[in-house]
Amino acid sequence: MLTKINEAVSFIQNLYNHKPTVGIVLGSGLSSFASEITVEKEIAYSDIPHFPVSTVEGHSGKLVFGELSGKKVIAMAGRFHYYEGYNTQEVVFPIRVMKYLGIETLLVTNAAGGTHKEWNVGDLMIIKDHISQLTPNPLIGKNYKEFGPRFPDMSEPYKKDLINKVKTIAAAKDIKLREGVYFGVTGPTFETRAEYNMIHILGGDAVGMSTVQEVIVAVHMGLAVFGMSVITDIGIRDEENKITHDEVLQAAKDAEPKLSYIFKELIAQL
Ligand code: HPA
C-alpha cells in the first residue's frame, strides 16, 4: 500500500510540483465548485497509477490543482463509493495520496438525505459528527504506523475551530446552516421509510453513501477535517416521496453557490 501511494504521489509531483495545503472532496452534483479554482493542473483519475476510476453520473473523475483564496488546493472532482464495488482501501486511497502530497486540512462535501420532517431540500448541514457502524471501517487490517495509531481517537473528527469559523462566515452573510450528525450507509438503495426513521432515532440528522470512510482515514493521519452536507431529499416525510438520483444532483447543484461562498471564505482563513 505504501508503495502504491508513493507511486501515485511521485507521478502527480512530476506533473505538478507545488505543495497543496488544502484538499477538497466534491460530492454528487457539487463538481462545479472546481471552476472557482484558478486551475494550474488537472489530472484524470484514470491517468494516476493505482487510482480507482469513478463510474457514477455526476462525478467527473479528476484531481484539480490550483489556487483558491490565496491557498494551493487540490479538489477531487468525483469520489469513490463503496457501493460502486470498490473495496474500502480503494475508497480512501485518494485521501491518503492527498495527505502525502502535503495537505493539512480536508474539506468534504456530500449530498445527503435529511431525517427531519421540517428540514428543506437545499439546506446546508455542517457535519458536527458522524455514525459509521454500518459501513466497513477502512482501518480494519494491518495498521500502518506511518499513517497513525492502531486505535485512533475519534472524539473530534470534524474540527470545532473550523465549524466555528464556518458559523461566523455564514452568519455574516445571512446564510442559514443546519448542524448535525451524518449517518453513513452503503447504498446504493435510498432508504426505506422505516430506515430513515431508524436513522433519525439513532441520532442521524442526515444520511448518505460516502464521507465516513474518507474521514476516518483523514483523522487517522492527523488531518483537520471540515464536512458539509447538502440536504437533497427528505426521505422521512409521510407523504408519497420518491427519491431519484436526478433530483439529488439537481438539489446539490442549486445549493452549490452557498457552499462555494462558505468554502472560499473558510479557505482564506486557514
Ligand atoms: N440517502 C442516502 N444517500 C443519499 C441520500 C439519501 O436520502 N440523498 C443523497 N444521498
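The rules behind these values
- Residues numbered from 1 in each chain as written.
- Predicted model: local features only at pLDDT ≥ 70, side-chain atom pairs only at ≥ 80, totals over all residues.
- Heavy atoms only, no water.
- Helix = DSSP H or I, 4+ residues; strand = E, 2+ residues; numbered from the N terminus.
- Rg over C-alpha atoms; globule rule 2.2 N^0.38 Å.
- Buried < 20%, exposed > 50% of the residue type's maximum accessible area, 1.4 Å probe, protein only.
- Contact = heavy atoms within 4.5 Å.
- Areas by Shrake-Rupley, 256 points an atom, 1.4 Å probe, with all protein chains shown as cover.
- Lys, Arg positive; Asp, Glu negative; His and termini not counted.
- Charge placed at Lys NZ, Arg CZ, Asp CG, Glu CD.
- Phe/Tyr/Trp six-rings, centres within 6.5 Å; stacked < 30°, edge-to-face > 60°.
- Expected span 1.5 Å × (residues − 1).
- Polar contact = N/O pair within 3.5 Å; in protein donor to acceptor, adjacent residues only side chain to side chain.
- Near = heavy atom within 4 Å.
- Axes fitted to C-alpha atoms, helices over the stretch in contact; angles between N-to-C directions.
- Parallel < 35°, antiparallel > 145°, perpendicular 65-115°, else oblique.
- Left-handed = near helix turned anticlockwise from the far one by under 90°.
- Nonpolar A, V, L, I, M, F, W, Y, C, P; charged D, E, K, R; others polar.

**Concerning the overall build of the chain**
And then number 1: In terms of regular secondary structure, the chain is built from six helices and nine strands.
And then number 2: Taken against the 2.2 N^0.38 rule, which gives 18 Å for 270 residues, the C-alpha radius of gyration of the chain at 17 Å falls within 12% of a compact globule.
And then number 3: Taken over the C-alpha atoms alone, the chain extends approximately 55 × 40 × 35 Å along its principal axes.
And then number 4: Looking at the chain as a whole, 55% of its 270 residues are labelled buried.
And then number 5: For the chain, the proportion of contacts with a sequence separation of at least 24, taken over those separated by at least 6, is 83%.
And then number 6: Carbon and sulfur atoms make up 50% of the accessible area of the chain, which totals about 11,500 Å².
And then number 7: Side-chain charges in the chain split into 27 positive and 32 negative, and the spacing between the mean points of these groups amounts to 5 Å.

**Considering the packing of aromatic side chains**
The description of an aromatic ring pair rests on the distance of the ring centres and on the angle between the ring planes.
And then number 1: Summed over all chains, the structure comprises 10 aromatic pairs.
And then number 2: With a centroid separation of 4.7 Å and an interplanar angle of 35 degrees, the aromatic rings of Tyr16 and Phe65 are classed as tilted. With a gap of 49 residues between them, Tyr16 in the loop between helix H1 (2–15) and strand E1 (22–26) and Phe65 in strand E3 (residues 62–68) connect regions that are remote in the sequence. Per residue, the accessibility class of Tyr16 equals that of Phe65, and both read buried.

**Quick word on helix H2 (residues 88–101)**
And then number 1: In this model, H2 (14 residues) spans 21 Å end to end at C-alpha, consistent with the 20 Å of a helix rising 1.5 Å per residue.
And then number 2: The element H2 is extensively covered by neighbouring structure, given that 10 of its 14 residues are classed as buried.
And then number 3: For H2, the full list of buried residues reads Thr88, Val91, Val92, Phe93, Pro94, Ile95, Arg96, Val97, Met98 and Leu101.
And then number 4: Those residues of H2 that are buried are in contact with H1, E1, E3, strand E4 (71–77), strand E5 (105–114) and helix H5 (212–220).

**A look at the side chain of His130**
And then number 1: Secondary-structure assignment places His130 in strand E6 (residues 124–131).
And then number 2: A polar contact is formed between the side chain of His130 and the side chain of Tyr158, at a distance of 2.7 Å.
And then number 3: Sequence-distant contacts of His130, that is, excluding residues within four places in its chain, are made with Met154, Tyr158, Val181, Tyr182, Val212, Val215 and Ile216.

**Topic: the site of the ligand**
And then number 1: Contacts to the ligand come from Ala111, Ala112, Gly113, Phe190, Glu191, Tyr196, Val207, Gly208, Met209, Thr232, Asp233 and Val248.
And then number 2: Take Tyr196: an N or O atom from its side chain is 2.6 Å from an oxygen atom of the ligand.
And then number 3: In this structure, Asp233 approaches the ligand through a side-chain N or O atom, which is 2.5 Å from an oxygen atom.
And then number 4: In the complex, 96% of the free accessible area of the ligand, which totals 260 Å², lies under the protein chains.
And then number 5: Elements with a minimum of two residues in the shell around the ligand: E5, strand E8 (206–208) and strand E9 (224–234).
And then number 6: Sort the elements by how many residues they give to the shell around the ligand and E5 lands first, with three residues.

**Some points on the packing of H2 against H5**
And then number 1: Direction vectors running N to C along H2 and H5 enclose 50 degrees, while the axes themselves pass 9 Å from each other. The angle between H2 and H5 places the two elements in the oblique class. Remark: the crossing between H2 and H5 carries right-handed chirality. Residue-level inspection shows Thr88, Val91, Val92, Ile95 and Arg96 of H2 in contact with H5, the latter providing Gln213, Glu214, Val217, Ala218 and His220.
And then number 2: Its residues placed into classes, the contact of H2 with H5 shows five nonpolar, three polar and two charged.

Geometry only, nothing functional implied.
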